[in-house]
Amino acid sequence: MTRSAAPHYMVTRFAPSPTGRLHVGHGWSALMAMDMARRTGGTFRLRIEDIDGTRSRPDHVAAITEDLRWLGIDWDGAIVFQSHRLALYDAALDRLRAMGLLYPCFCTRADIAASASAPHGPEGPVYPGTCRVLPPVDRAARMARGDAHAWRLDVARAAALAGRLDWTERPFPPDDSAPTRAVAADALRHGDVVLARKDAPASYHLSCTLDDAAMGITHVLRGDDLRDATGIHRLIQALLDLPAPVYVHHPLLVDATGRRLAKRNGSIALADLRAQGADPAALAADLRQGRFPVGITAGRA
Ligand code: GLU
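These remarks concern the structure in this document. Keep in mind that what you see is a predicted model, and the values were worked out from it rather than measured. Residue numbers restart at each chain and count upward from 1, following the sequence in its written direction. The predicted origin of the model limits local features to residues at a pLDDT of at least 70 and limits the giving and counting of side-chain atom pairs to 80 or more, whereas totals for whole chains, interfaces and linings rest on all residues. Side-chain descriptors were evaluated using all non-hydrogen atoms of the structure, hydrogens and water having been removed beforehand.

Section: the site of the ligand
- Being near a molecule or strand, for a residue, means having at least one of its heavy atoms within 4 Å of it. As a matter of local geometry, the ligand sits amid Arg13, Ala15, Pro16, Ser17, Glu49, Tyr204, Cys208, Arg222 and Leu226.
- Under this definition, polar contacts are N or O atom pairs within 3.5 Å; protein pairs additionally need one hydrogen-donor-capable and one acceptor-capable atom, and for neighbouring residues in sequence, both atoms have to be side-chain atoms. Ala15 has a polar backbone atom sitting 2.7 Å from a nitrogen atom of the ligand.
- One nitrogen or oxygen atom from the side chain of Ser17 is found 2.9 Å from a nitrogen atom belonging to the ligand.
- For the ligand, whose unbound accessible area comes to 300 Å², protein coverage reaches 79%.
- In this classification, the charged set is Asp, Glu, Lys and Arg, the nonpolar set is Ala, Val, Leu, Ile, Met, Phe, Trp, Tyr, Cys and Pro, and all remaining amino acids, among them Gly, are polar. Looking at the shell around the ligand residue by residue, the classes come out as 5 nonpolar, 1 polar and 3 charged. Per-residue and other accessible areas follow the Shrake-Rupley method at a 1.4 Å probe size, with only the shown protein chains counted as cover for residues.

Comments concerning helix H1 (residues 24–39)
- Helix and strand definitions follow DSSP, with helices as H or I runs of at least four residues and strands as E runs of at least two, each counted in order from the N terminus. Any helix carries an expected span of 1.5 Å times its number of residues minus one. The terminal C-alpha atoms of H1, which comprises 16 residues, lie 22 Å apart, in line with the 22 Å expected from a rise of 1.5 Å per residue.
- Any residue under 20% of the maximum accessible area for its type is buried, any over 50% is exposed, and the rest in between are partly exposed; the area is computed with a 1.4 Å probe on protein chains only. The element H1 is extensively covered by neighbouring structure, given that 14 of its 16 residues are classed as buried.
- Gly41 sits one or two positions beyond H1 and adopts a positive phi of about 75°.

Points about the sheet that holds strand S12 (residues 246–250)
- Here the rule is simple: two strands pair whenever DSSP picks up at least two bridges between them. Strands sit in the order S9-S8-S12-S11 across an open sheet of 4 strands; the sheet is mixed. Pairing within the sheet leaves two strands with one partner each, and these edge strands are strand S9 (181–184) and strand S11 (219–223). Adjacent strand axes in the sheet meet at a mean angle of 40° when their direction is disregarded.
- Here S11 pairs with S12 via 5 bridges, running parallel. Each bridged residue has a counterpart across the sheet, and for Gly223 the counterpart in S12 is His250.
- The strands that H1 touches are S11 and S12; relative to S11, the one it contacts most, it runs at about 165°.
- On top of the sheet, helix H8 (residues 227–239) reaches strand S8 (166–169), S9, S11 and S12; it is set at about 125° to S8, its chief contact. Lines fitted to C-alpha atoms define the axes, with helix axes restricted to the stretch in contact, and inter-axis angles between N-to-C directions lie between 0 and 180 degrees. The criterion used for residue contact is that any of the two residues' heavy atoms lie within 4.5 Å.

Quick notes on the side chain of Arg222
- Within the secondary structure layout, Arg222 lies in strand S11.
- His is not counted, nor are the chain ends; Lys and Arg add positive charge and Asp and Glu add negative charge. Criterion for a salt bridge: a side-chain nitrogen of Lys or Arg within 4 Å of a carboxyl oxygen of Asp or Glu. In this structure, Arg222 is buried with no salt-bridge partner, the nearest side chain bearing the opposite charge being Asp212 at 4.8 Å.
- Among the polar contacts listed, one links the side chain of Arg222 to the side chain of His233, at a separation of 3.3 Å.
- Aside from chain neighbours lying at most four places away, what touches Arg222 is Arg13, Tyr204, Cys208, Thr230, His233, Tyr247, Val248, His249 and His250.

Things to note about the pattern of salt bridges
- According to the stated counting rule, one finds 26 salt bridges in the structure shown.
- In this structure, Arg57 engages Asp59 in a salt bridge whose closest nitrogen and oxygen atoms are separated by 2.7 Å.
- Of the charged contacts, one joins Arg97 and Asp94 as a salt bridge, the two residues approaching to 2.7 Å between their closest N and O atoms. Residue Arg97 and its partner Asp94 are located together in helix H3 (residues 86–98), separated by 3 residues, close to a single helical turn.

Observations regarding the packing of aromatic side chains
- In this analysis, rings of Phe, Tyr and Trp, with Trp reduced to its six-membered ring, are considered paired at centre separations within 6.5 Å, and the interplanar angle assigns stacked below 30 degrees, edge-to-face beyond 60, and tilted for intermediate values. Applying the stated rule across the entire model yields 2 aromatic pairs.
- Both rings, one in Trp28 and one in Phe292, keep their centres 5.0 Å apart while their planes meet at 85°; by these two values the pair is edge-to-face. Of this pair, Trp28 sits in helix H1 while Phe292 is found in the loop between helix H10 (280–288) and strand S14 (297–299), placing the two residues 264 residues apart along the sequence. Across this residue pair, the class does not change: Trp28 and Phe292 are buried.
- Grouping aromatic residues by their ring pairs yields a cluster made of Trp28, Phe172 and Phe292.
- Geometrically, a lysine NZ or arginine CZ counts as sitting over a ring once it is within 6 Å of the ring centre and also within 35 degrees of the ring normal. Directly above the aromatic system of Tyr127 lies the positively charged group of Arg152, at a separation of 3.7 Å from the ring centroid.

Keep in mind these numbers describe shape, not what the thing actually does.
See the structure below:
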């Protein structure tokens, strides 16, 4: 007798930061994440990553939902706002602190840039560890003085505690029957990443990982630019006993000059296409086929 496996209920998400209008690449990404879940009768969620108080703006949130709806994207359940979830991030920071894995970092960007020996990692110069080796009395004095500080993860110590880690990657395009592969999660090359920023109660790495788990996300579909971040997210999952989703990383869209689309460099915004009279159903059908507006192709990050 053969026993079929219990159907795997799929939950995907789109998680924009409200720092500008969505461009056609965001629309493509959101459509793929929605379709991936809906093909299997699963759930598609929308999360607004709005804890970056200096760049996130409420008017961008309204614009994002408007642009997504225009393209025919609808999400299940309530929108999750990271700015409403700070207590969850705090609790995780307390736990990591109690495990001896975090330290306060008082360095400024200029301090880090000035450290000539800093090797480069996936997100720029790797933090040289200045505050990790601060004598405890100096650290205590600076804390008592109320000096502004971020909290960094002692990545070497955390990785040693977690042991060897892999994440599960499903190839792109997201074919539900395609075999997955294990990718070694290399957190060390990031250096000691920031988990709580000076100007924000958590960093992207922490809030994203915690929310994917809390929202029951089973499959994370996102751009290739975040592939390296997955190594850190996998480490955080292991440290906090969180379930690990399957990941699909898609190519980024690039313009005719090979430059990736970005909110800031006048990339084709969904709002501009709408203003030009584009038919959203036709655009969505094209994006699903991998046909992009003139001059745009799927490139490599
Ligand atoms: N908020 C991130 C961004 O807009 C994406 C996060 C993710 O998909 O993991 O780039």
